[in-house]
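Secondary and tertiary structure notes
One-letter residues, chain by chain:
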Amino acid sequence: MLKVKGLKKSYGNKVAVNDISFEVDRGEIFALLGPNGAGKTTTLKCIVGLRKKDSGKVEIDGKYAYLPEKKELYRYFTVKKMVEITDYYTEEFNKDKAYKLLSDFQIDLKEKIANLSHGMVTQVYLALLLSQNADIYILDEPTWGLDPVMRNRIIEKIRGLSYEGKAVLYTSHILAEVEKVADRVAIMSEGHILEMDYLDVIKEKYVAVTVRKGEKVNGYKWKETENEEVYIVKREDAGSEYEHVGFDVIFEAIVRRDRK
Amino acid sequence: MWFSIDFNSHVPVYKQIKEKIKSMIVTGKLKKGAFVPSIRSLAKDLGVNLNTVSRAYRELVLEGILKVVRGEGYVVEGLDAERFLGKKLEEFRKMVLTLKGDGIEYEKLEGILREVYGGEENAES
Amino acid sequence: MIKELYDMRVRSLAILAICLVLFFTLAPFQGKLLGFMEEYKDIVEKYAGSFPVEKLKEWNFYIYSQWFGKNLGQIIPIIGVLFAFPLFSREYENGTMEFLLVRKSRRYVFLSKTLTAILVMAIELAFFSILPVIYSSIVGKDFESVYSYQYMVHILVGGLFWFSITLLFSTIFEDQVRPLLFSFGLIAITTVMGLIKPLKFLNTYRYILGSGIMKGEGIDVSYTVYLSIVSLVLIFISYLIFKEKDI
């Protein structure tokens, strides 16, 4: 559905995206994770053509819908007018669906966009995207700035998209959320993808081992105590004594290692 | 069908689903020959991804616990209760060893067993 | 296209209003002005220099020198700048360009914005050019209208030229202020530098205020062609810049 091969993008001397490759299939929810500045937003922007990539290939087999990181709409329009404008510009847009979603989200159609809080503008933007019939939905931090109840509803809607056979590529900081809804994840840091696999596989692939200080270990250092060090290693490298750990620990250990 | 899923556990969701279904078979909640919910319907009820239920069912079929009936869905084939329970009993054994090592006396453990099973014994007599 | 029209409503209406005010503080007051000048004859003669003040009694001359040659003529470059400066830079600045470009091609966005703006500007400029003709016929004054249409050509092309200069800045800069400042700066610089004999062609005011037309010389064809070509080239370059820009 979406194929990215060897994507590279620099801004002047700084390499933001350094040879990224991945694929997203129909019906799959793919999460691109990583700390700020990892290159997630630049990757998405290169995919939808807002930024011009330096090299690499992007193949999209179908129509896409995009939610930007900065969720800005036309401030002087009312919500209703924004729906109509979206209808004018967007292919396969369902106005009625949009009105229904906006009402579910309790957004006043007569309100001017400028008077809405940032979270509400995000909700409007999401309502517009969910009313668009695309093959892949590319979302940059879709739940940022939303209250917990709304976040869950959006997660459900995202899952609903995959039920309909659509592909979803999204970025997030919030691991707990990603664990609810991602099929596959890619952990990105400083322009590279450090690890990419099914979330379930990653959870079982890595375990924590405790070793004496100074002992050589093939893995990611996680913690130091007085006499010992804790490493996150692949299970096959772990030997007989190991512990399972949560995804957040695995994520942090992997990302931290690269940042050194 | 619904049961609680812990998304943040180090146990993958598909595994949790597998374990729960096996449990339900062992306790008789799911009888041999009964249909389990369709992938889509279970995914929706639990609030999980289709791929997740897919994988759980796929592995249960490979393990011989579920069977695919063409055009109808997934049906309970059976479960080697002993093997399933065997693992759990092994975990129990490990726990007892740990407690023994901590200095817990046999009588304490016996008391707990009586308490947990006691109610049922009285009901039967 | 409708959204583009809506986006420019404030500035198109403001320009329309301002020009109407400029016209209606001029046209109905010919008599008053002449009376005023009679009263202060000596001062007027001192400052008029070579300007044929007597000829202002003539309606034709009055309109051509004061409307085309002054009130309207002077702000033509400004009108061009005003129509163009926020066209792209505003949407960069408030982040809505992403909304558009994900839905429509770069070519579509560029053309719909540019053509809509040029169309509205051309309609307004044409209207301001014919305004004296309309006014004269309503009020019942004799007016030699042929020059109006010749001025209209100079005005349209002059406006288009400054529009295209500002358009370029608008596609480059991501804030609204810089296209405005740079364009006004260029108006000032080209006008001043045009005082140097060999750089006469830089001063577009010479062309826009069209003193030659009044003398019966007709349209300045070569300069018209020159400005038109430069405008089209600038618009094309703007398109290329917009096409390759990182949003």
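Model, not experiment: these values are computed from the prediction.

Residue and element names in this part refer to chain A. Sheet topology note: the strand 10 (residues 206-212)/strand 12 (residues 228-234) ladder contains 7 bridges and is antiparallel. Each residue of the ladder has a partner; that of Tyr206, found in strand 12, is Lys234. Bridge count between strand 11 (residues 220-224) and strand 12: 4 bridges; the pairing is antiparallel. Paired with Tyr220 across the two strands is Ile232, which belongs to strand 12. Counted between consecutive antiparallel strands, the loop separating strand 11 from strand 12 contains 3 residues.

Another point: the domain arrangement of chain A. If you check the domain split of chain A, you get domain 1 (69-134) and domain 2 (202-259). Summarising the inter-unit geometry, the C-alpha centres of domain 1 of chain A and domain 2 of chain A are found 45 Å apart.

The next thing to look at is the interface of chain C and chain A. Listed per partner, the contact involves 14 residues of chain C and 14 residues of chain A. Per element, the largest residue contribution to the side of chain C that touches chain A is 4 residues, and it comes from helix 7 (residues 97-101) of chain C. Residue composition of the side of chain C that touches chain A, by class: 5 nonpolar, 3 polar and 6 charged.

Listed per partner, the contact involves 18 residues of chain A and 11 residues of chain B. Broken down by secondary-structure element, the contributors of at least two residues to the side of chain A that touches chain B are helix 5 (148-163), helix 6 (175-181) and helix 7 (199-205) of chain A. By residue class, the composition of the side of chain A that touches chain B is 5 nonpolar, 4 polar and 9 charged.

Out of 2 pairs of chains that touch, the pair holding the most contacts is chains A and B. There is no contact between chain B and chain C; across them, the least C-alpha separation is 28 Å.

Here the focus is the nonpolar core. Core analysis: the largest hydrophobic core is formed by 124 residues, its most contacted members being Val124, Ile136, Val168, Leu169 and Ile232 of chain A. The biggest single contributor to this core is helix 5 (residues 59-84) of chain C, with 12 residues. A domain split of this core shows at least three residues from each of domain 1 (69-134) and domain 2 (202-259) of chain A. Apart from the residues lying within four places of it in its own chain, the contact partners of Leu169 of chain A are Leu2, Val24, Phe30, Leu32, Ile136 and Ile138 of chain A. Residues Tyr14, Ile25, Leu46 and Ile65 of chain B belong to the second largest nonpolar core, which totals 20 residues.

Each value, and the rule that gives it
- Residues numbered from 1 in each chain as written.
- Chains lettered and ligands numbered in written order.
- Predicted model: local features only at pLDDT ≥ 70, side-chain atom pairs only at ≥ 80, totals over all residues.
- Pairing = 2+ DSSP bridges.
- Helix = DSSP H or I, 4+ residues; strand = E, 2+ residues; numbered from the N terminus.
- Domains from an automatic or database assignment.
- Contact = placed C-beta atoms within 7 Å.
- Nonpolar A, V, L, I, M, F, W, Y, C, P; charged D, E, K, R; others polar.
- Core = buried A, V, L, I, M, F, W, Y, C linked by C-beta atoms within 7 Å.
- Buried ≥ 20, exposed ≤ 12 C-beta atoms within 10 Å, placed from the backbone.

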